[in-house]
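One-letter residues, chain by chain:
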Amino acid sequence: MSIFFGNLSLSALPHEWFTIGGTVSMILMGLGVAAFLTYTKRWKWLWTEWLTACDPKKIGIMYILVASVMLFRGALDAAMIWLQQSLSVGASHGYLDAGHFQQIFTAHGDIMVFFVTMGFLFGLINLIVPLQIGARDLAFPFLNSLGFWLYLAGAILINLFFVFGGEFAATGWLSLPPLSELAYSPGVGVDYWVWSLQVSGIGTLIGGINFIVTILKMRAPGMTLLKMPMFTWTSLISMILVVCVFPILTVTITLLWLDRYFGMHFFTSSFGGNPMMYVNLIWMWGHPEVYILILPAFGIYSEVVATFSQKKLFGYVSMVIAALLVAGLAVLVWLHHFFTMGAGADVNAFFGITTMFIAIPTGVQIYNWLSTMYRGKITFSQPMHWFLGYVATFTFGGMAGVLMASPAADYQLHNSLFLVAHFHTMVIGGALFGIFAGITYWFPKVTGFKLNERLGKLAFWFWIVGFFVSFVPLYILGFMGATRRLDHYDASLGWQPLFITAGVGLVIISFGVALQVWQIVMSFISRKQNLDITGDPWNGRTLEWSTPSPPPAYNFAIIPTVTDRDAFWEMKQRINTDTETDKHGYTDIHMPKNTGMGIYLAGFVFIFGFAMVWHIVWLAIVSLIGCVVCIIIRSLDDEVEYTLPAAEVEKMEKLKTGYL
């Protein structure tokens, strides 16, 4: 039987309360979606209009939808962690055993970084960057589709342990050896971790290459590098980091897999292996990853502040230089994550100094944003609320980061909840608040109607209050000696009130999340009262606001000519109202055809990952053959585009602008 099923057996089926609950939840969710699509007769519509789409706007929306589902999954893990830490004190050991707690801890970190924050940011980049640079599509539409489906395959694989296996990695979110080696983690949990990250990581790398080529080669005429919007700039820098460091992650995880699968010794303590080599390699990827998440958020804040201050962005060139410096320094500071390894004073001093230097370009950006607001006609709309929340949280967390950049201080704070609080302050206050600012800012552009302002602002206040109630106690607990991954502690330490306070903060944040969901529902119901009929609801400054809301599949009937950094703002200020259409007329537009090949190829990659988890050799070989066949078929297909005639474009444009 092992020839056909490898290590998979009946004991791998759901048999514990959490695996049964997870499996039942996924089945019910799937049945609910299937019932809705059947009742509304939308199966064909779903396949032809969405699943096989190569339009980056539709792919961006699908990224955001999957990331939203994964956000609820990761938030549930966070709630379980806080509940356990609030209850497991003294004689009480809470409701989770130690192993299960560590699995939840690991899953929460990986889901939030790889499948929530990365998913949201890739969704926003897909939606906005082609519009901002005056492009009709990405450079490689099929690869964009494939990248999304690989991301989804990884998201499914990281949750599949509920159905097959019953356990996830109990090693921390980076699976550091020796815990992740076979001697200490003999089950399939680490293997699920390895292959979910490998599959999604390949999709991320493909996406990064695609965005770089698009931004460098497909900008509108006249849009030089120093006329690009800041969101496009920071997205470009972030994707360059992706291309530089994600291969490190791929190789590192592959070496770990070789240790586990073939009994090699790259990261063991025997036969010449060294666990610290893994720690160095994983943080060579891990710290730049933080800035891969943060940099696009910086670009979002730049767009929001300039728009709602009705001013040009102050210090544009210095903002670009600052973003480049942040990216450069990001790859020079990885060792500050393990100052306690004993590398010596000289090594620690170098990495401590480079870490502190990052505060300089980051501070330049904050001062430039505040200077943009100075004497501006500020509108405190929802996106501006998220920006101001970012300034408060990120500044607070940044000061904690500078403290930890000192090796002497880090010796006391290393592996404590102070570090956990700092990381969440930076990622939530920086990246996630930026995502919320971007979604509320560009929502009318994508959907054609605005979000409810009152509910959005109320959700923000629940978020910001809940955030500080949740994480300030963790800073205090870190100073008191509480370590991360702590599932039980002695009552005499007096930590329980602070853990309970942190849990209350999560409840407050949950009200904010519920209000955000309700905001979208209510905005959809009352969308006719909030329609964006101008395409420019915020009096925007960049090219995306020159298109209708939502934009057509081809984005621009006539590719605009750019003469200013704030291209659309400059167009609106022209005295001559002659349009580019009147001068040049329309031409045929070549668009990518829809294709299901991305789904098929990602499906075979998913099967390969599942086969490797369970050591099903024949299935791995078959899935690899399937991948090769799909690649060959796609390579031989010359009919990958269709032509939209100029007459049809003209008709669509006139209908859109109300001429007919």
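Here is what the cut-offs are and how they apply
- Residue numbers here run from 1 along each chain, matching the order of that chain's written sequence.
- Restriction of local features to residues with pLDDT of at least 70 applies here, the model being predicted, together with a cutoff of 80 or more for giving and counting side-chain atom pairs; totals for whole chains, interfaces and linings are based on all residues.
- Hydrogens and water are ignored here; the side-chain numbers use all heavy atoms of the structure.
- In DSSP terms, a helix is any run of H or I states spanning at least four residues, a strand is any run of E spanning at least two, and both are numbered starting from the N terminus.
- Only C-alpha atoms enter the radius of gyration, while the globule expectation follows 2.2 Å times N to the 0.38, with N the number of residues.
- Note on contacts: a residue pair qualifies if any of its non-hydrogen atoms lie within 4.5 Å across the two residues.
- Each accessible area is a Shrake-Rupley result for a 1.4 Å probe, and residues are judged covered by the shown protein chains and nothing else.
- The charge count includes Lys and Arg as positive and Asp and Glu as negative, but it does not include His or the ends of the chains.
- We put the charge of a Lys on NZ, of an Arg on CZ, of an Asp on CG and of a Glu on CD.
- By convention, a stacked pair of Phe, Tyr or Trp rings (six-membered ring in the case of Trp) has centres within 6.5 Å and planes under 30 degrees apart, an edge-to-face pair has planes over 60 apart, and any other such pair is tilted.
- Only protein chains enter the accessibility calculation, which uses a 1.4 Å probe; a residue is then buried when its area is under 20% of its type maximum, exposed when over 50%, and partly exposed in between.
- As used here, the term nonpolar core means buried Ala, Val, Leu, Ile, Met, Phe, Trp, Tyr and Cys residues forming a set that is joined through side-chain atoms within 4.5 Å.
- Fitted lines through C-alpha atoms serve as axes, helices being fitted only where they are in contact, and the angles separating the N-to-C directions of these axes extend from 0 to 180 degrees.
- In this scheme, roughly parallel covers angles under 35 degrees and roughly antiparallel covers those over 145, while 65 to 115 is roughly perpendicular and the rest are oblique.
- Note: crossing handedness is left-handed where the near helix turns anticlockwise from the far helix by less than a right angle, and right-handed where it turns clockwise.
- In this classification, the charged set is Asp, Glu, Lys and Arg, the nonpolar set is Ala, Val, Leu, Ile, Met, Phe, Trp, Tyr, Cys and Pro, and all remaining amino acids, among them Gly, are polar.
- Space inside and on the surface of the protein is sampled on a 1 Å grid over the protein atoms alone, with a cavity defined as a set of points where a 1.4 Å probe fits but cannot get out and a pocket as an open set with protein on both sides within 12 Å along at least 5 of 7 lines; lining residues have an atom within 4 Å of a point.
- Grid points are joined across faces, edges and corners, and a volume is the space filled by probe spheres set on the points.

Quick word on the overall build of the protein
Right, on to step 1. If you tally the helices and strands in the protein, you get 22 helices and two strands.
Right, on to step 2. The globule rule puts the C-alpha radius of gyration for 660 residues at 26 Å, and the 25 Å found for the protein is close to it.
Right, on to step 3. Contacts spanning at least 24 positions in sequence make up 82% of the contacts within the protein whose residues lie at least 6 apart.
Right, on to step 4. About 27,600 Å² of surface is accessible on the protein, with carbon and sulfur atoms providing 71% of the total.
Right, on to step 5. Put simply, the protein has 33 plus and 35 minus side-chain charges, and the middle of one group is 11 Å from the middle of the other.

Things to note about the packing of aromatic side chains
Right, on to step 1. Summed over the entire model, instances satisfying the criterion amount to 62 aromatic pairs.
Right, on to step 2. With a centroid separation of 5.9 Å and 45 degrees between ring planes, the pair formed by Tyr63 and Phe122 is classed as tilted. Here Phe122 lies in helix H5 (residues 98-132) and Tyr63 lies in helix H4 (residues 56-87), a separation of 59 residues in the sequence.
Right, on to step 3. The interplanar angle of 50 degrees and the centroid separation of 6.4 Å between the aromatic rings of Phe266 and Phe267 together place this pair among those described as tilted.
Right, on to step 4. For Phe266, a relative accessible area of 30% puts it in the partly exposed group.

With respect to the environment of Met373
Right, on to step 1. Its place among the elements puts Met373 in helix H12 (residues 359-373).
Right, on to step 2. Along the backbone, Met373 and Ser309 are 64 residues apart, and their C-alpha atoms lie at a distance of 5.5 Å.
Right, on to step 3. In this view, Met373 contacts Val305, Ser309, Ile378, Met384, Phe387 and Leu388; residues no more than four positions away in its chain are not counted.

Quick word on the nonpolar core
Right, on to step 1. Ranked by internal contacts, the top residues of the largest apolar core, which has 187 residues, are Tyr192 and Trp369.
Right, on to step 2. No other element matches the 19 residues that helix H9 (residues 275-309) contributes to this core.
Right, on to step 3. Residue contacts for Tyr192: discarding those within four places in its chain leaves Leu157, Leu160, Phe161, Phe164, Glu167, Phe168, Phe610, Val613 and Trp614.

Quick notes on the side chain of Asn126
Right, on to step 1. Mapped onto the fold, Asn126 is located in helix H5.
Right, on to step 2. Residues contacting Asn126, with those up to four places away along its chain left out, are Pro56, Lys57, Ile59, Gly60, Tyr63, Leu138, Asn144 and Phe211.

Description of unusual backbone geometry
Right, on to step 1. Pro178 follows Pro177 through a cis peptide bond whose omega is 5 degrees.
Right, on to step 2. Considering the arrangement of structural elements, one finds Pro178 in the loop between helix H6 (141-159) and helix H7 (189-217).
Right, on to step 3. With an omega dihedral of -10 degrees, the bond running from Ser549 to Pro550 counts as a cis peptide bond.
Right, on to step 4. You can see Pro550 is positioned in the loop between helix H17 (496-525) and helix H18 (567-573).
Right, on to step 5. Although it is not a glycine, Arg375 sits at a positive phi angle of roughly 60 degrees.
Right, on to step 6. Phi is positive for Asn555, close to 65 degrees, though the residue is something other than glycine.
Right, on to step 7. Its location among the elements puts Asn555 in the loop between H17 and H18.

Comments concerning the packing of helix H20 (residues 597-614) against helix H21 (residues 617-636)
Relative orientation and spacing of two packed helices are given, respectively, by the angle between their axes and the distance between those axes.
Right, on to step 1. Put simply, H20 and H21 touch, their axes get as near as 8 Å, and they point 160 degrees apart. In terms of axis orientation, H20 runs roughly antiparallel to H21. The crossing of H20 and H21 is left-handed. Note on element contacts: H21 touches H20 through Leu619, Ala620, Ser623, Leu624, Gly626, Cys627, Cys630, Ile631, Ile633 and Arg634, opposite Met597, Tyr600, Leu601, Phe604, Val605, Ile607, Phe608, Phe610, Ala611 and Met612.
Right, on to step 2. Residues of the contact of H20 with H21, tallied by class, amount to 17 nonpolar, two polar and one charged.

A few points about empty space enclosed by the protein
Right, on to step 1. As enumerated under the stated definition, the model contains two cavities of 30 Å³ or more in all.
Right, on to step 2. Empty space within the largest cavity amounts to approximately 50 Å³.
Right, on to step 3. Lining the largest cavity, in full, are Tyr63, Phe114, Met118, Gly119, Phe122, Gly147, Tyr151, Ser200, Gly203 and Thr204.
Right, on to step 4. Of all the secondary-structure elements, those providing two or more residues to the lining of the largest cavity are H5, H6 and H7.
Right, on to step 5. With four residues, the single largest contributor to the lining of the largest cavity is H5.

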